[in-house]
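Residue-level structural notes
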Amino acid sequence: MKTRSSIGVLDRIEAELGAAGLVMFGGFRPEPADRVPPLPDGRRAAGLLMIGNAGPAAWRAFATAPEAADGAPDPMDRWCKRVLGGLAASFGGGAHFPSDGPPYPPFVAWAKRAAPVRESPLGMLIHPIYGLWHAYRGALALPEGLPLPPQQPAAHPCDGCRDKPCLTACPVAAFGPQGYRVTDCVAHVETAAGADCAGLGCRARRACPVGRVFVYDPPQAAFHMEAFLRARQRRTGGGGSDGR
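The rules we used
Residues numbered from 1 in each chain as written. Predicted model: local features only at pLDDT ≥ 70, side-chain atom pairs only at ≥ 80, totals over all residues. Heavy atoms only, no water. Pairing = 2+ DSSP bridges. Helix = DSSP H or I, 4+ residues; strand = E, 2+ residues; numbered from the N terminus. Axes fitted to C-alpha atoms, helices over the stretch in contact; angles between N-to-C directions. Contact = heavy atoms within 4.5 Å. Phe/Tyr/Trp six-rings, centres within 6.5 Å; stacked < 30°, edge-to-face > 60°. Buried < 20%, exposed > 50% of the residue type's maximum accessible area, 1.4 Å probe, protein only. Core = buried A, V, L, I, M, F, W, Y, C linked by side-chain atoms within 4.5 Å.

Right, let's talk about the sheet that holds strand 2 (residues 47–54) for a bit. Spatial strand order, 1-2-6-3: 4 strands in an open sheet with antiparallel pairing. The strands lining the two open edges of the sheet, one partner per strand, are strand 1 (23–28) and strand 3 (94–96). Pairs of neighbouring strands in the sheet enclose a mean axial angle of 25°, with direction left out of account. Alignment of strand 1 against strand 2, held across 5 bridges, turns out to be antiparallel. By the bridge assignment for strand 2, Phe-28 is matched with Leu-48. Sheet strands in contact with helix 3 (residues 75–90) are strand 2, strand 3 and strand 6 (134–142), and its direction is about 30° off that of strand 6. Along the sheet face, helix 4 (residues 107–114) touches strand 1, strand 2, strand 3 and strand 6 and points at about 85° away from the line of strand 1.

Structure below.
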């Protein structure tokens, strides 16, 4: 006999996530094809919950955390790993993160299994409520079956968007039928002409009309753009922003 109900577990998880400004987007019961790693004790995960931020709430919690001020690399990743890792351990589970790897966990596939998200014309996943202003920061793998609500069907928000302003808002037309030209994007953001994108976030992303109440605060947008530039610099081996 269980000492606490699965529903109680979910309630407690959501309460602790809410205290950190984080959101549970949904979950699913993993199948072997989902490639969910085993739990720390070797058992197969019985449930996987997708966790992340929607809007600026998590950023505001992170900004007061020690990781935000200690000057060490990857502060948000470290904050997420501390918060979610501790939460998972308290329930006898494990936590997985997009930065785990290589090989990296299939977070996009997991997100599509757990939440009503679809690919937007920009390539990013769009949520019918949060729009483009959400991100997956981790996944909680738990050892007990959970009464997960079924994913509610939702229309693709881009299908009813006639003008698709996201595709015409980029100053250097980095998005189009050819896909995302990341080199053109980075070259623009790293110049004085790209100060708007660097300080407030991608102009194409900001043009999307879905989920406007969840738009990131300017410091959050600038933080993520700087992290994007640093990651790009590491991949290409130099040049561009020093990421400070």
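Our focus in this paragraph is the packing of aromatic side chains. For the coordinates displayed, the defined rule picks out 10 aromatic pairs. The interplanar angle of 80° and the centroid separation of 5.8 Å between the aromatic rings of Phe-25 and Tyr-130 together place this pair among those described as edge-to-face. Here Phe-25 is found in strand 1, whereas its partner Tyr-130 is found in the loop between strand 5 (125–126) and strand 6, with 105 residues between them in sequence. In terms of burial, Phe-25 and Tyr-130 fall into one category: buried. Ring geometry for Trp-133 against Tyr-216: centres 5.1 Å apart, planes inclined by 70°, an arrangement best described as edge-to-face.

Here the focus is the pairing of strand 6. Extensive coverage of strand 6 is indicated by the burial of 9 of its 9 residues. Relative to strand 6, strand 2 runs antiparallel, the two sharing 8 bridges. Following the sheet pairing, Leu-48 is matched in strand 6 by Ala-141.

Here the focus is the nonpolar core. If you look at the biggest cluster of nonpolar residues, it comprises 26 residues, and the most contacted ones within it are Ile-13, Leu-17, Leu-22, Leu-49, Ile-51, Trp-79 and Leu-140. Looking at this core, the elements with two or more residues in it are helix 1 (6–19), strand 2, helix 2 (57–62), helix 3 and strand 6. Looking at this core element by element, the count peaks at 6 residues for helix 3. Among residues more than four places away in sequence, those in contact with Leu-22 are Leu-17, Ile-51, Gly-52, Asn-53, Ala-58, Trp-79, Val-83 and Leu-84.

All we've got here are geometric facts, nothing functional implied.
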